[in-house]
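Spelled out from the first residue to the last, the chains are:
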Amino acid sequence: MIKGLIVPEDYKPSLNVIQTEVAIKIIKDKFETELAKELNLIRVSAPLFVKPETGLNDNLSGMEKPVSFGMKYDNYSKLEIVQSLAKWKRMALGKYGFKAGEGLYTDMNAIRPDEDLDNIHSLYVDQWDWEIVIQKEQRTEKYLKEIVKKIYKVFLNVEKYIANIYPQLERILPEEIAFITTQELEDMYPNLTPKEREHSIAKEKKAVFLMKIGDVLDSGKKHDGRAPDYDDWRLNGDIIFWNPILEQEIELSSMGIRVDKEALLEQIRKTNCEERLSLDYHNMLLNEKLPYTIGGGIGQSRICMFFLQKAHIGEVQASVWPEEMIDNCVTSNIFLL
């Protein structure tokens, strides 16, 4: 069995492949519509690749290498496939003239060649990236939680909608999402690894927003890595659900209130990334030429996998997998697209 692959005992999909393809469209259309309505968003077009010197690409945890290529113009200057659109969205909001309370969303597609492949990780990433202009005084934990509750309402509405269409799909989300910080989680489970802590709290709460990711905890270790130049580590978090099919946690969204000048400088210093301050995007932040925003990404394939109660993300997206994983899935009733 390939490392990392979970094969549920006696797994039998609730929908066949044709039904699944139809249901994917239904879920994506419904979720997109509900999200736009709840957060006051309009859909915009977004780039698949950017110039690295702009500083717009997402460095994620700082370890992943973006896919790059050269174009024949400008002496084959280098371009990078986006890893997310966290920074681009903020710049677009300012450039397009969005006002406080208004926002945008877009379809983001990425390639992450360094990903460790398993049931929920793929080389191909598809998500909705969204961003909203806010007032400076809204850069608070209270406002962050308000937005999380609105997004969770979308999850509940879509789950109910899908269950009405496909009664064989059980509704499993609780009525409310729980909130906890990474430090509180470390205090609860000091002898567990960060992933084991997420597993424990997700199993208990079923739906949780894990806050304050990126900084060092009292133990002297980080819960998880976060790039220093988009989320404010004190005002961010992940939406995590319990997946009963795999009997493990699954992250559906990463989001947060974005850095202001002070948070940027503090987090850049902590990560020894001062060289980024010379990039175009970072100069705009330092000169306070960008709006205050909140934003995040919501995994499209992951929400389809969750709502359709699938065992593998490859059942809801077409990607490339190791031959051994394909063979294991064939013998385990897991149909990869």
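Quick summary incoming for the structure in this document. Predicted, not measured: the structure shown is a model, and the values here were computed from it. (Residues numbered from 1 in each chain as written. Predicted model: local features only at pLDDT ≥ 70, side-chain atom pairs only at ≥ 80, totals over all residues. Heavy atoms only, no water.)

### Brief notes about the pattern of salt bridges
Here comes step 1: Tallying each qualifying case throughout the model produces 26 salt bridges.
Here comes step 2: Here Glu-34 ties to Lys-30 by a salt bridge, and the two come within 3.0 Å at their closest N and O atoms. With a gap of 4 residues between them, Glu-34 and Lys-30 both fall in helix H1 (residues 17-39), about one helical turn apart.
Here comes step 3: By relative accessible area, which is 22% here, Lys-30 ends up partly exposed.
Here comes step 4: The shortest N-O distance in the salt bridge between Asp-260 and Arg-139 comes to 3.2 Å. You can see Asp-260 sitting in the loop between strand E10 (248-258) and helix H6 (261-270) and its partner Arg-139 sitting in the loop between strand E6 (124-133) and helix H3 (141-165), a full 121 residues away along the chain. Judged on exposure class, the residue Asp-260 and its partner Arg-139 are both buried.
Here comes step 5: The structure contains a network of salt bridges with shared partners spanning Arg-139, Asp-215, Asp-232, Arg-234, Asp-260, Glu-266 and Lys-270. (Salt bridge = Lys/Arg side-chain N within 4 Å of Asp/Glu carboxyl O. Helix = DSSP H or I, 4+ residues; strand = E, 2+ residues; numbered from the N terminus. Buried < 20%, exposed > 50% of the residue type's maximum accessible area, 1.4 Å probe, protein only.)

### Some thoughts on the sheet that holds strand E3 (residues 68-70)
Here comes step 1: With antiparallel pairing, the 3 strands of this open sheet are ordered in space as E2-E4-E3. Edge strands, defined here as strands with exactly one partner in the open sheet, are strand E2 (49-50) and E3. (Pairing = 2+ DSSP bridges.)

### As for the packing of aromatic side chains
Here comes step 1: Here the structure, examined in full by the defined rule, presents 8 aromatic pairs.
Here comes step 2: An angle of 10° between the planes, with centres 5.2 Å apart, marks the rings of Phe-31 and Trp-128 as stacked. Within this pair, whereas Phe-31 is found in helix H1, its partner Trp-128 is found in strand E6, the two being separated by 97 residues in sequence.
Here comes step 3: Residue classification places Phe-31 among the buried residues on the basis of a relative accessible area of 0%.
Here comes step 4: Relative accessible area serves as the criterion here: at 1%, Trp-128 is assigned to the buried category.
Here comes step 5: Relative to Phe-209, the ring of Phe-179 lies with its centre 6.0 Å away and its plane at 70°, an arrangement referred to as edge-to-face. Here Phe-179, found in strand E7 (residues 178-181), pairs with Phe-209, found in strand E8 (residues 207-211); they are 30 residues apart in sequence, far enough to count as distant.
Here comes step 6: For Phe-179, a relative accessible area of 23% translates into the label partly exposed. (Phe/Tyr/Trp six-rings, centres within 6.5 Å; stacked < 30°, edge-to-face > 60°.)

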